[in-house]
Amino acid sequence: MTSEHNFADMAVRHLGGLKTSALGFGCMGLSQGYGPVDDAESVAAIHAALDSGITMLDTAMSYGQGHNEELVGRAVASSGVPREQIQIATKFGIMRRDDGVGLDAHPDRIATYCEDSLRRLGTDTIDLYYLHRVDPQVPIEDSIGAMSDLVAQGKVRYIGVSEVTPDELRRAVGVYPIAAVQLEWSLMWCEPEHSIIPVARELGVGVVPYSPLGRGLLGGRLDTTAVFESPFRANDPRFVDANLSANMQQVDALTTFAESRGMTVSQVALAWLLAQGDDVVPIPGTRKPERVRENAEAMRCQLSADDLVALEKAVPESEWVGDRRSFAVPVTKRG
């Protein structure tokens, strides 16, 4: 990579007061969830994202039990891109250990979690710090209050929340301004449009969709014979038996639509999300640098109003099968 980067011609958006690229890069899969990992390939993917004008990198302390934050830190340090041009987003609250997964958002421990993330990331400030999941034993007001202290100390610039209910989002905003809410949203999962997204917009909170390519299904290249190599797909009802067959028919229709517009399937899926509002910053993830560059081109792709109508007719929301709400982080213990 070079040290000369010009992001002026790329689409920019704002999450609260945080200026970022229209697309971010979701880093989770570089450490867990989708089979064996290769750190060299992963660093190359992050570099490809930065070179392509994607400036927000999304990670979490739980991804690979700290491995992901360390990987992001190394990639940023070796990228040649000035740190001030990169937005690093990370999360706390999910505790992933060898003996299971738990939740901990107790205010007495949040500062320590932040310090640990700063150390692994090799930075002095986290641009966007998320509460990864609400701890049912801790009022969200208490967690957000402790996070706001980190802003006052200069360790965090902006605060976000992930997978919250509309009521929890309102309560969080009542304590401190929330820049972004992270949630699953894609062509194949539109439920948030009827629940949390209207509330986020009412409150001026940006929207960060994760799994915007449907855990790979909307990438157009999913090997259905290898679906169960990933626990994130094996436990998802949308990838099971007849559901998967029905959803692959939707992907076939999406492929035809994409070809008619001179785009790839993933570019259409991302362009569709980008067309939903300038407060939306999807974070697709991939391990392949070439796929990163392909996804980044979606920032230059535009779907007209007529395209959006045609897309809904070609790939109706009602024809996607499987309810992802039955698939959640399996919490076996607290903390």
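These numbers were taken from a predicted model, which means no experiment stands behind them.

Rules behind the numbers
Residues numbered from 1 in each chain as written. Predicted model: local features only at pLDDT ≥ 70, side-chain atom pairs only at ≥ 80, totals over all residues. Heavy atoms only, no water. Helix = DSSP H or I, 4+ residues; strand = E, 2+ residues; numbered from the N terminus. Buried < 20%, exposed > 50% of the residue type's maximum accessible area, 1.4 Å probe, protein only. Contact = heavy atoms within 4.5 Å. Areas by Shrake-Rupley, 256 points an atom, 1.4 Å probe, with all protein chains shown as cover. Pairing = 2+ DSSP bridges. Axes fitted to C-alpha atoms, helices over the stretch in contact; angles between N-to-C directions. Parallel < 35°, antiparallel > 145°, perpendicular 65-115°, else oblique. Left-handed = near helix turned anticlockwise from the far one by under 90°. Nonpolar A, V, L, I, M, F, W, Y, C, P; charged D, E, K, R; others polar. Core = buried A, V, L, I, M, F, W, Y, C linked by side-chain atoms within 4.5 Å. Phe/Tyr/Trp six-rings, centres within 6.5 Å; stacked < 30°, edge-to-face > 60°. Salt bridge = Lys/Arg side-chain N within 4 Å of Asp/Glu carboxyl O. Expected span 1.5 Å × (residues − 1). Arc of directions from axis to C-beta.

Colleague: Where do I start with the overall build of the protein chain in this structure?
Modeller: Across its full length, the protein chain carries 11 helices and 12 strands. Taken across its 335 residues, the protein chain has 56% of its residues classed as buried. Contacts in the protein chain between residues at least 24 apart in sequence constitute 78% of all its contacts with a sequence separation of at least 6. Split by element, the accessible area of the protein chain, about 13500 Å² in all, is 49% carbon and sulfur.

Colleague: Teacher, can you tell me more about the sheet that holds strand β10 (residues 180-184) here?
Modeller: Two strands in a sheet stick together by hydrogen bonds in their backbones, pointing the same way (parallel) or opposite ways (antiparallel). Taken together, the 7 strands give an open sheet; going across it, the order is β3-β4-β5-β8-β9-β10-β11, and neighbouring strands pair in parallel fashion. The open sheet has two edge strands with one neighbour each: β3 (24-26) and β11 (206-210). Ignoring which end each strand starts from, the neighbouring axes of this sheet average 25° apart. Across 3 bridges, β3 lies against strand β4 (residues 56-58) in parallel orientation. Looking across to β4, one finds that Gly-24 is bridged to Met-56.

Colleague: Looking at this model, I keep getting lost on the pairing of strand β2 (residues 18-21). Mind explaining?
Modeller: Every regular strand shows the same layout, with side chains that alternate between the two sheet faces. Sheet topology note: the strand β1 (residues 12-15)/β2 ladder contains 4 bridges and is antiparallel. Following the sheet pairing, Val-12 is matched in β2 by Ser-21. Remark: 2 residues form the turn of the hairpin made by β1 and β2, two consecutive strands paired antiparallel; Gly-16 in that turn has positive phi of roughly 60°.

Colleague: For this particular structure, what's the right way to read the packing of helix α5 (residues 166-175) against helix α6 (residues 196-203)?
Modeller: For any two helices packed against each other, the geometry comes down to the angle between their axes and how far apart the axes lie. Taken N-terminus to C-terminus, the directions of α5 and α6 make an angle of 20°; their axes are 9 Å apart at the nearest point. When the axis of α5 is compared with that of α6, the two are roughly parallel. Like other packed secondary-structure pairs, α5 and α6 cross with a definite hand, here right-handed. Facing α5, whose interface residues are Pro-166, Leu-169, Arg-170 and Val-173, α6 presents Ile-196, Val-199, Ala-200, Glu-202 and Leu-203. Residues that form the contact of α5 with α6 fall into these classes: 7 nonpolar, no polar and 2 charged.

Colleague: Which parts of the structure should I look at to understand the side chain of Asn-295?
Modeller: Note that Asn-295 resides in helix α10 (residues 289-296). In this structure Asn-295 touches Leu-23, Leu-213, Ser-266, Leu-270, Pro-284 and Thr-286, once residues within four positions along its chain are discounted.

Colleague: I keep staring at the nonpolar core and nothing clicks. Help me out?
Modeller: When a protein is soluble and globular, its nonpolar side chains tend to lie buried together. In this structure, Phe-25 and Tyr-129 are the most contacted members of the largest nonpolar core, which totals 86 residues. Contact partners of Tyr-129, with chain neighbours within four places excluded, come to Thr-90, Lys-91, Phe-92, Ile-110, Tyr-113, Cys-114, Met-147, Leu-150, Val-156, Tyr-158, Ile-159 and Gly-160. Leu-15, Ala-89, Leu-128 and Ala-180 belong to the second largest nonpolar core, which has 12 residues in total.

Colleague: Looking at this structure, I do not really get the packing of aromatic side chains. What am I missing?
Modeller: Given two aromatic rings, one states the distance between the centres and the angle between the planes to describe the pair. Applying the stated criterion across every chain, the model contains 3 aromatic pairs. On the numbers, 6.2 Å between centres and 75° between planes, the contact of Trp-185 with Trp-272 is edge-to-face. One end of the pair, Trp-185, is in the loop between β10 and α6; the other, Trp-272, is in helix α9 (residues 265-274), with 87 residues separating them in the sequence. The burial state of Trp-185 is the same as that of Trp-272; both residues are buried. Among the aromatic side chains, those forming a connected cluster through ring pairs are Phe-92, Tyr-113 and Tyr-129.

Colleague: Teacher, can you tell me more about the pattern of salt bridges here?
Modeller: Opposite charge on two side chains permits pairing when their charged atoms draw close. Counted under the stated rule, the structure contains 18 salt bridges. Ionic pairing is found between Lys-155 and Glu-115, a salt bridge with its closest N-O pair at 2.3 Å. You can see Lys-155 sitting in the loop between α4 (140-152) and β9 (156-162) and its partner Glu-115 sitting in helix α3 (residues 107-121), a full 40 residues away along the chain. Connected via shared salt-bridge partners are Arg-83, Asp-127 and Arg-157.

Colleague: I tried to follow unusual backbone geometry on my own but got confused; where do I start?
Modeller: In most cases, non-glycine residues show a negative phi, while peptide bonds are predominantly trans. With a phi angle near 55°, Gln-65 is a residue other than glycine that sits in the positive phi range. Structurally, the position occupied by Gln-65 is in the loop between β4 and α2 (67-77). Residue class for Gln-65 comes out partly exposed when judged on its relative accessible area of 44%. The phi dihedral of Glu-163 falls on the positive side, at around 50°, and the residue is not glycine. Take Glu-163: it is sitting in the loop between β9 and α5.

Colleague: Even after reading the chapter, I still don't get the pairing of strand β6 (residues 94-97), so can you show me in this structure?
Modeller: Note: β6 against strand β7 (residues 100-103), 4 bridges, orientation antiparallel. Note on β7: the bridge partner recorded for Arg-96 is Val-101. Between the antiparallel neighbours β6 and β7 lie 2 residues.

Colleague: What is the right way to read helix α8 (residues 241-260) from this model?
Modeller: Helical geometry: 3.6 residues make up each α-helical turn, so side chains three or four residues apart lie on a common side. Between its terminal C-alpha atoms α8 stretches 29 Å, which fits the 28 Å expected from 20 residues at 1.5 Å a residue. Within the sequence span of α8, burial applies to Leu-244, Asn-247, Gln-250, Val-251, Leu-254, Phe-257 and Ala-258. The buried side chains of α8 occupy one side of the element, clustering within an arc of 125° when seen end-on. Facing away from the buried side of α8, by more than 90 degrees, are the exposed residues Ala-242, Gln-249, Thr-256 and Glu-259. Directly beyond the C-terminal end of α8, a positive phi value near 70° is found at Gly-262.

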